[in-house]
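Examination of the molecular architecture
Listed here are the chains, written in short residue letters.
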Amino acid sequence: MIRCRERLARCLLVVSIAATLGQGAVHASDPPPKAPAAEVNGFLEFARNRLDRATALKHSYVTGVEGWLFLVPELRAMTVGPFWGKQAAAVSRANNRKYADPLAAIVDFDRQLKAAGIQLVVVPVPAKASVYPEKLSPLVKIGRDRSPPRLDPYHRQFHRVLKQRGVGLLDLLPVFLKRRDDRAGPLYCRTDSHWSGRGAAIAAVALLDTLKKAQWRKGLVRFKSAAETRPVTITGDLARLQSPDDPVTETLPLTFAGSSGKNGKPQPVPVSRSSPVLVMGDSHTLVFHDPALFARGAGFPDHVAAGLGIPVDLVGVRGSGATATRITLLRRRDNLQGKKLVIWCFSIREYTESFSGWRKVPVIRRR
């Protein structure tokens, strides 16, 4: 009877957190509408023209409409074409073209983890322009009677290849396209290169939805979770690039999530190396989690921890999360002992724009 009450309390808490986030019945498998080839090609050509113009001006950002700013490398990643296999060396920014292909490195890492009994879930963060294309291009018309289409043919194809190779992958774009107009605010910062706190929270909920039946979750000792939303004003990195002396600010609704304190308010959960869950990746794992990136307790790992009810381990970097994170794991020299799940979260621009490229790293060594 006690266990039944505990399970009921846990279910009610998950529903409470989901309600705080405004999460509806949206699943990552729900397909957005198909876009005609002419519309996709027209959008990609417009994006190429804008990034070429910005590159000529030596700008790292592109100005959209209504104050929206877009990162040049991210637009390049969207428009460069196929970037894996034989095409990788021709389009990658990797200093050493031997490490240009993301496919080989991701499949190799997945193979290592599977051999050690560890589940990998790759969580690529969609480009801002793929979720809010009309903020970049006037060619994209979004009306009340039409949801935004997918405009990411190359990344969609690559993710299919990864799944065909047996790699666990969460495609966030269908969820984000359905949730992009939420009343609580956009899923990306208008003036920063990262997702917003709301985007991070919705991504975590989508991830947790795929883990409901995971066997390793049984028997875990969980803490009581709590969540609270409040506004926070930030100065985005793209705003600083646009106007270093007088950058604009924006105010975002951030949902802080963690363990329940004495007053019922969320308390940040410290990361734990002994956790069975590891979150790794680029600065999308740090924004709103690390105080140096706007806030503490409202980032992607915070929402994952609160949703699971356990601390998580974290290896996040403020540069490329392609190779550096796996090198950090190698240097730990523990073969990821005790880990059951690895969540690898990074921007889609990593596929082509990482200067360090995609090295194969022997994270787990045979004894």
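So, a few notes on the structure that sits alongside this text. Just so you know, these numbers come straight off a predicted model, no measurement behind them. (Residues numbered from 1 in each chain as written. Predicted model: local features only at pLDDT ≥ 70, side-chain atom pairs only at ≥ 80, totals over all residues. Heavy atoms only, no water.)

With that out of the way, let us pick up the sheet that holds strand β4 (residues 225–234). One open sheet accounts for three strands, arranged β4-β5-β6; its pairing is antiparallel. At either margin of the open sheet sits one strand with a lone partner, and together these are β4 and β6 (266–267). Examined bridge by bridge, β4 and strand β5 (residues 250–260) share 10 bridges and lie antiparallel to one another. By the bridge assignment, V232 is partnered in β5 with L252. Contacts from helix α11 (residues 300–308) reach β4 and β5, with the element oriented near 35° to β5. (Pairing = 2+ DSSP bridges. Helix = DSSP H or I, 4+ residues; strand = E, 2+ residues; numbered from the N terminus. Contact = heavy atoms within 4.5 Å. Axes fitted to C-alpha atoms, helices over the stretch in contact; angles between N-to-C directions.)

Between its terminal C-alpha atoms helix α7 (residues 153–164) stretches 17 Å, which fits the 16 Å expected from 12 residues at 1.5 Å a residue. All of the buried residues along α7 are Y154, H155, F158, H159, V161 and L162. Taken down its axis, α7 places every buried residue within 155° of arc, on the same side. Where α7 is buried, its residues touch α2 (37–56), α3 (72–79), α5 (102–115), β3 (119–125) and α13 (350–353). (Expected span 1.5 Å × (residues − 1). Buried < 20%, exposed > 50% of the residue type's maximum accessible area, 1.4 Å probe, protein only. Arc of directions from axis to C-beta.)

This part takes up the sheet that holds strand β9 (residues 341–347). Taken together, the four strands give an open sheet; going across it, the order is β3-β9-β7-β8, and neighbouring strands pair in parallel fashion. Each edge of the open sheet carries a strand with a single partner, namely β3 and β8 (313–316). Strand-to-strand, the axes of this sheet are offset by a mean angle of 15°, without reference to chain direction. Here five bridges tie strand β7 (residues 277–281) to β9, and the two strands are oriented parallel to one another. Bridge pairing in β9 links L278 to V342.

Two side chains carrying opposite charge are able to pair once their charged atoms lie near each other. This structure, assessed with the given rule, holds 19 salt bridges. Between K114 and D110 there is a salt bridge whose closest N-O contact spans 3.1 Å. Taken as a pair, K114 and D110 lie in helix α5 at a separation of four residues, close to a single helical turn. According to the relative accessible area criterion, K114 is partly exposed, its value standing at 46%. (Salt bridge = Lys/Arg side-chain N within 4 Å of Asp/Glu carboxyl O.)

Here the second largest pocket is characterised by a volume of approximately 600 Å³. Broken down by secondary-structure element, the contributors of at least two residues to the lining of the second largest pocket are α2, α3, α10 (237–242) and α13. Tallying contributions element by element places α3 first for the lining of the second largest pocket, with three residues. Tallied by class, residues from the lining of the second largest pocket come to eight nonpolar, 11 polar and 11 charged. (1 Å grid on protein atoms, 1.4 Å probe; cavity = no way out; pocket = protein on both sides within 12 Å on 5 of 7 lines; lining within 4 Å. Points joined across faces, edges and corners; volume = space filled by probe spheres on them. Nonpolar A, V, L, I, M, F, W, Y, C, P; charged D, E, K, R; others polar.)

Here we take up empty space enclosed by the protein. Applying the stated criterion across every chain, the model contains two cavities of 30 Å³ or more. There is about 90 Å³ of room inside the largest cavity. Residue lining of the largest cavity: 13 residues in total, with P126, D152, H159, L173 and I348 positioned closest to the centre. When its volume is computed, the second largest cavity comes out at roughly 40 Å³.

As a further point, take the packing of α5 against α7. Their axes nearest at 11 Å, the elements α5 and α7 cross at an angle of 35°. Between α5 and α7 lies a crossing of right-handed hand. In this structure, α5 uses P102, L103, I106 and V107 to contact α7, whose residues at the interface are F158, V161 and L162. Class assignment of the residues belonging to the contact of α5 with α7 gives a composition of seven nonpolar, no polar and no charged. (Left-handed = near helix turned anticlockwise from the far one by under 90°.)

It is worth spelling out helix α12 (residues 324–332) at this point. Those residues of α12 lying buried are T325, R326, I327, L329 and R332. Structurally, α12 contributes buried residues whose contacts are with α5, β7, β8 and β9. R333 sits one or two residues past α12 and shows a positive phi near 60°.

This paragraph deals with the packing of aromatic side chains. Applying the stated criterion across every chain, the model contains 18 aromatic pairs. On the numbers, 5.2 Å between centres and 15° between planes, the contact of F83 with Y351 is stacked. Of this pair, F83 sits in the loop between α3 and α4 (88–91) while Y351 sits in helix α13, placing them 268 residues apart in sequence. Taken as a pair, F83 and Y351 share a single burial class, namely buried. Relative to Y351, the ring of F346 has its centre 5.6 Å away and its plane inclined at 85°; by these criteria the two rings are edge-to-face. Y351 gets classed as buried once you look at its relative accessible area, which sits at 1%. Grouping aromatic residues by their ring pairs yields a cluster made of F83, W84, F109, F158, W344, F346, Y351 and W358. The ring of F256 is capped by R230, whose NZ or CZ atom sits 3.8 Å from the centre of that ring. Cation over ring: R359 sits above Y99, and NZ or CZ is 5.6 Å from the ring centre. (Phe/Tyr/Trp six-rings, centres within 6.5 Å; stacked < 30°, edge-to-face > 60°. Lys NZ or Arg CZ within 6 Å of the ring centre and 35° of its normal.)

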